[in-house]
Amino acid sequence: MQCTVVSMPAAYLQRSYWEDSRLGPRYDPESIEKKWQEIWKEEDIFKVTEGGAGRKYYLLEMFPYPSGKIHMGHVRNYSIGDVLARFLKMNGYNVLHPMGWDSFGLPAENAAIQNNIHPAKWTFDNINNMKSQLMRLGLGYDWDREIATCAQTYYRWNQWFFLKMYEKGLAYKKLSSVNWCPGCSTVLANEQVEGGLCWRCESSVEKKTLQQWFLKITEYADELLEYCDKLDGWPDRVLVMQRNWIGKSTGAEIDFPVTNSERSIKIFTTRPDTLWGVTFISLAPEHPMVDTLIEPRKEDAGIREFVERIRKQGCDERTGALSEKEGVFTGAYCINPLTGLKVPVYVANFVLMEYGTGAVMAVPAHDQRDFEFAKKYGLPLKIVINPLDRTLSPDTMEAAYEGDGHMINSDRFDGLDNRDAMPAIVDYLEERGIGRGVTTYRLRDWGISRQRYWGCPIPIIYCRSCGTVPVPYNDLPVILPEDVVLTGKGGSPLEHLDTFRSVPCPDCGGPATRETDTMDTFVDSSWYFLRYTSPNMEDGPFDTAAANFWMPVDQYVGGVEHAVMHLLYARFFTKAIRDIGLLECDEPFKKLLTQGMVCKEILRCPTHGYVSPEDMAEDKCKVCGETIERGQIEKMSKSKKNTIDPDRIIGRYGADTTRLFSLFAAPPERDLEWSDEGVEGSYRFLNRVWRLIDERLQDISDITPYDGAQPLDKSLKELHHLVHRTIYKVTVDIEERFHFNTAISAIMELVNAIYLWEGIGEDTLSKSVLREAIETVVKLLSPFAPHICEELWERLGNESLLSKSTWPSYTKDALMREEVTIVVQVDGKLRAKINIPTDTPQKTVEEAVLDNEAVTRWVADREVRKVIYIPNKLINLVIR
RNA sequence: GCCCGAGUGGCGGAACUUGGUAGACGCACGGGACUUAAAAUCCCGAGGAGGCAACUCCGUGGGGGUUCGAUUCCCCCCUCGGGCACCA
């Protein structure tokens, strides 16, 4: 039999509170929130159209992957967005604030394999659940614009874009060495490999050579880089990461002829000024000329073995800066085209085929890697750049000199500053036809083929006679078949599904097969913000007029983890779509706010590892009784068992409290440390606001808020001015700084002041001032805690919806103080404070100050040598 | 190694954009009121040291500097977090 006593205390508490409450009903978040969410829905208050009143504002938060349940990171992200949405709406903007689902992806497949449920069903169940969770938070979205990327109506346009890009040569297939994640059984783009590990499952990534589809993001490398300078609404660190990722460098390509051969090796260098210091050449093991060069020495097993071994190494083994430099002499030589000197050709493990030309001219005197390599294999150093303050010598150098200086041992360039010499040397190379100035990028083309089922099919057909044939536009969409069996083994199920795979060739009608790879899900999220502008468009991906009206997104809000991947891809897509002719704007996101993570202390049991707070009783593990160690504050994650379920918090305190806390505990861009007591505090504050209005309701019902017309006495003026200063502060904090935490604290101060205010009388004037104060509190708080405010607004006797009303404005007059506190310093040290009418002239202030005992004590009979006066703020008497 | 960001009470954080009262607001804590009592609520207190007190000194990671005055600007160093990392 089940015991029901457990629920007693809570019920008891509620009842006793009810009895104590003399006036109105107690604050009951659950019923209030439900009530207003329904009313908002009926009134359709978040619906927007292009024809709406006010200036357009496109506000967007990164859409979620429908994993099943929202987490605190979502709560934070979307609370930030909702505050802005409601604030902007009250300020008269026409706010587009949509929501949708990034709903293709691996977890759906994994769930399907584990639980025998179809990915589509799993995904749509999750969407339904998460949608109701978001609604429960009271987030104001125009749900009529909801999109799901796994819907045919959406992904068909992925395919359309792909075909457009294919036509323009921006989508192409090539055989190349790619990143293979064994955990996800699929290929990954370079951006999706973090430190040699898969960004999603942290498996060690392997190299595989496969036929893959690529999008030519490198075509836009220069523009993507250039526009980084124009994105002044983006955080610097994100721009820095993007610039680093694009990795533009300028230098020269130079051909080194191979001796006894017709061929030459093309190298890339950023330091043409060190050309005279080249003492050998290093090739990547994958370099196509390696096999030819070592041919004459093929009986030397050591060479081939070395090359084979390095080629097999995974990227994490190869690329670690710690790993030892290794190489082998190929037996071949080539000629430095400038000096005519013969230098040996090596294969070296640290040279990457993916960058530059896969071949490097080695200048051990001026490059640390070459230096280490040369020392190891006894190769000579040749100094060609000398620093200004000393003279280098090959025999005593302990490290390469990579700095600037004067050129030496470099023929006609001797004596020149090396920086100045670089362009001259490039010109010289070009004149003589042995090299040319070039620019290279670290950015690679975006490999989008995924060997997975739950994604958008790539619209390509392979025909034995016609070759690679794009699916005709009329045949779109290529529908992802649902009658598949997912086993998790033997590759993508599409490969084995003959009804999908076999297809007549669109050109010749002969037997052909479909591409069975699907697209990287980052393709889906690269243009979703455009689809929101016309989510039901059937003749194209989006309506150009609507997109041009709404774009760019004025404010984008999301996690910094997408700094390189999503944000770079989306920028690329925007530019490509512009060049297809569908869009006018160059950049998708005008301003970007990257919010911090939600963190919480981790708990560790010496025998069980991470434990959740529920598994702990009085610092002891419930299972084994060991003392629990309190660990560091870390990002909430299931594996560390330090998550908080938003549903639980909403259930206990309501959506308003949950939102308020997540906004109050830290400014948005910083990490937020979860605190149960802090949530309690936010709840207490809302109760305090509720009671404030409850207690004063009788005084101020049927009273019109003070409008500034009649003159006020001191006490009334104080409150009135505080109200206006608060409006100013909260407005600035929200719109200019996104510092919601300080905005909320300013509202708290106002509430505290109203509680302590004793200026209320029987007269209408004082009541009207109080009414102004209270209505202002409710309005200012409403973007943060919309439900309780809407309810209080109604209880105050207002008939229209608060959500439809306007943001309070402040008057300059009311911001002025009549009396100011002036800080009095003597020699820069605080010695007194005096209250004095605003804008008192310096002379009068000086007189008042020198009349003050606390000041004169410090001045004594010494001479005041200087007086610094900051009007209405500070006076400093300099004695020394 | 390189590039960002940060370091402030017992804790989360304010003030930094424009040098001008350091510690707003909240949490935790202490005291009081209400209550038979507790909870809730309301009011008050609170950086540290010394002092009965008035008050004084110290204090924003450490050390220098500029200034009448530095948490804020400059230089050097330490610690933590993040990103990149043999990119030629």
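Residues numbered from 1 in each chain as written. Chains lettered and ligands numbered in written order. Predicted model: local features only at pLDDT ≥ 70, side-chain atom pairs only at ≥ 80, totals over all residues. Heavy atoms only, no water.

A.B. asks: Before we go on, may I ask you to explain the overall build of chain A in this structure?
C.D. replies: If you tally the helices and strands in chain A, you get 28 helices and 37 strands. Every one of the 880 residues in chain A was classed for burial, and the buried ones make up 52%. Summing over all exposed atoms, chain A offers an accessible surface of approximately 40700 Å²; the carbon and sulfur share of this is 49%. Of the charged side chains in chain A, 104 are positive and 129 negative, and the gap between their average positions amounts to 2 Å. (Helix = DSSP H or I, 4+ residues; strand = E, 2+ residues; numbered from the N terminus. Buried < 20%, exposed > 50% of the residue type's maximum accessible area, 1.4 Å probe, protein only. Areas by Shrake-Rupley, 256 points an atom, 1.4 Å probe, with all protein chains shown as cover. Lys, Arg positive; Asp, Glu negative; His and termini not counted. Charge placed at Lys NZ, Arg CZ, Asp CG, Glu CD.)

A.B. asks: Would you mind going over the pairing of strand β36 (residues 866–870) with me for this structure?
C.D. replies: Two faces make up the sheet, and in a regular strand the side chains alternate between them. Summarising the sheet, β36 and strand β37 (residues 874–878) pair through 5 bridges and their orientation is antiparallel. When the bridges of β37 are listed, lysine 866 appears paired with valine 878. Taking the residues that link successive antiparallel strands as the turn, the β36-β37 hairpin has 3 residues, and the phi of asparagine 872 there is positive, at about 65 degrees. (Pairing = 2+ DSSP bridges.)

A.B. asks: Before we go on, may I ask you to explain the packing of aromatic side chains in this structure?
C.D. replies: Two descriptors summarise a pair of aromatic rings, namely the distance from one centre to the other and the angle between the planes of the rings. Summed over all chains, the structure comprises 46 aromatic pairs. Put simply, the rings of Tyr154, Trp157, Trp160, Phe161, Tyr220, Trp446, Tyr473, Phe522, Trp527, Tyr569, Phe572 and Phe573 pair up and form one aromatic cluster. The ring of tryptophan 245 carries arginine 442 above its face, with NZ or CZ at 4.3 Å from the centroid. One Lys or Arg, lysine 575, reaches over the ring of tyrosine 227 and ends 3.8 Å from the middle of that ring. (Phe/Tyr/Trp six-rings, centres within 6.5 Å; stacked < 30°, edge-to-face > 60°. Lys NZ or Arg CZ within 6 Å of the ring centre and 35° of its normal.)

A.B. asks: Mind showing me how you'd approach the sheet that holds strand β26 (residues 553–559) here?
C.D. replies: For sheets, the rule is that strands pair by backbone hydrogen bonds, running either parallel or antiparallel. On the basis of which strands lie adjacent, the open sheet formed by 4 strands has the order β2-β1-β26-β27 and parallel pairing. With one partner strand each, in any of the chains shown, β2 (94–96) and β27 (589–595) form the two edges of the open sheet. Between one strand axis and the next, the sheet turns by 20 degrees as a mean value, whatever way the strands run. The sheet contact formed by strand β1 (residues 56–61) and β2 spans 3 bridges and is parallel. Bridged to lysine 56 within β2 is asparagine 94. The sheet strands contacting helix α3 (residues 72–90) are β1, β2, β26 and β27, and the helix crosses β1 at an angle near 170 degrees. In the packing of helix α18 (residues 565–580) onto the sheet, the strands contacted are β26 and β27, and the crossing angle to β27 comes to about 170 degrees. (Axes fitted to C-alpha atoms, helices over the stretch in contact; angles between N-to-C directions. Contact = heavy atoms within 4.5 Å.)

A.B. asks: Quick question: what am I supposed to make of the nonpolar core here?
C.D. replies: Side chains of nonpolar character tend, in soluble globular proteins, to be buried together. With 186 residues, the main nonpolar core has Trp446 and Phe784 as its most contacted residues. Discounting residues that sit within four places of it in the chain, phenylalanine 784 has contacts with Val83, Asp656, Arg659, Leu660, Leu663, Ile734, Phe740, Ala743, Ile744 and Ile747. Among the nonpolar cores identified, the runner-up in size contains 56 residues, and Ile254, Met289, Leu379 and Ala400 belong to it. (Core = buried A, V, L, I, M, F, W, Y, C linked by side-chain atoms within 4.5 Å.)

A.B. asks: What exactly am I supposed to notice about the state of the cysteines here?
C.D. replies: Applying the stated criterion to the full structure yields 0 disulfides. There is no disulfide at cysteine 456, and the cysteine sulfur nearest it, in cysteine 150, is 11 Å away. (Disulfide = S-S within 2.5 Å.)

A.B. asks: How should helix α10 (residues 301–312) be read in this particular structure?
C.D. replies: Side chains of residues three or four places apart in an α-helix project in the same direction, reflecting 3.6 residues per turn. For α10, spanning 12 residues, the distance from its first C-alpha to its last is 17 Å, which sits close to the expected 16 Å at 1.5 Å a residue. Residues of α10 that are buried include every one of Ile303, Phe306, Val307 and Ile310, and no others. For α10, the angular spread of buried residues about the axis comes to 95 degrees, placing them on one side. Exposed and facing more than 90 degrees away from the buried side of α10 are Ala301, Glu305 and Lys312. (Expected span 1.5 Å × (residues − 1). Arc of directions from axis to C-beta.)

A.B. asks: Is there a simple way to think about the sheet that holds β37 in this case?
C.D. replies: In spatial order, the strands read β35-β34-β37-β36; together these 4 strands make up an open sheet with mixed pairing. Two strands bound the open sheet, and with one partner strand each, they are β35 (829–837) and β36. Strand after strand, the sheet turns through a mean of 20 degrees between neighbouring axes, direction not considered.

A.B. asks: Can you help me understand the environment of leucine 716 in this one?
C.D. replies: By secondary structure assignment, the location of leucine 716 is in helix α22 (residues 714–737). We classify leucine 716 as buried; its relative accessible area is 5%. Along the chain, leucine 716 and tryptophan 757 lie 41 residues apart, while their C-alpha atoms are 9.2 Å from each other. If we ignore the near neighbours within four places in the chain, the residues touching leucine 716 are Trp757, Gly759, Leu765, Ser766 and Val769.

A.B. asks: Would you explain the side chain of threonine 123 in this entry?
C.D. replies: Relative to the helices and strands, threonine 123 resides in helix α5 (residues 119–136). On the basis of relative accessible area, threonine 123 is assigned to the buried category, the value being 0%. Every residue in contact with threonine 123, bar those within four places of it in the chain, is listed here: Pro66, Ser103, Ala108, Cys150 and Trp454.

A.B. asks: Help me out: how do you make sense of the packing of helix α20 (residues 655–664) against helix α21 (residues 676–700) in this one?
C.D. replies: To characterise two packed helices, one gives the angle between the axes of the helices and the distance between these axes. Contact geometry of α20 with α21 gives a least axis separation of 9 Å together with a crossing angle of 120 degrees. It follows that α20 is oblique to α21 by the angle criterion. Between α20 and α21 lies a crossing of right-handed hand. Here Asp656, Thr657, Leu660 and Phe661 of α20 come into contact with α21, specifically with Gly678, Val679, Ser682, Tyr683, Phe685 and Leu686. Across the contact of α20 with α21, the residue classes break down as 6 nonpolar, 3 polar and 1 charged. (Parallel < 35°, antiparallel > 145°, perpendicular 65-115°, else oblique. Left-handed = near helix turned anticlockwise from the far one by under 90°. Nonpolar A, V, L, I, M, F, W, Y, C, P; charged D, E, K, R; others polar.)

A.B. asks: Looking at this model, I keep getting lost on unusual backbone geometry. Mind explaining?
C.D. replies: Where the residue is not glycine, phi is negative for most of them; where a peptide bond is considered, it is trans in most cases. In this model, leucine 476 is joined to proline 477 through a cis peptide bond whose omega is -5 degrees. By the element assignment, proline 477 lies in the loop between β22 (467–470) and α14 (498–501). The omega angle of the peptide bond from methionine 551 to proline 552 is 0 degrees, so this bond is cis rather than trans. Relative to the elements of secondary structure, proline 552 occurs in the loop between α17 (544–550) and β26. In this model, asparagine 409 sits at a positive phi of 50 degrees, which is unusual for a non-glycine residue. Mapped onto the fold, asparagine 409 is located in the loop between β17 (406–407) and α13 (418–431). Residue classification places asparagine 409 among the partly exposed residues on the basis of a relative accessible area of 43%. Even without being a glycine, lysine 641 presents a positive backbone phi close to 55 degrees. Relative to the assigned elements, lysine 641 resides in the loop between β32 (629–635) and α19 (646–653). Judged by its relative accessible area of 40%, lysine 641 is partly exposed.

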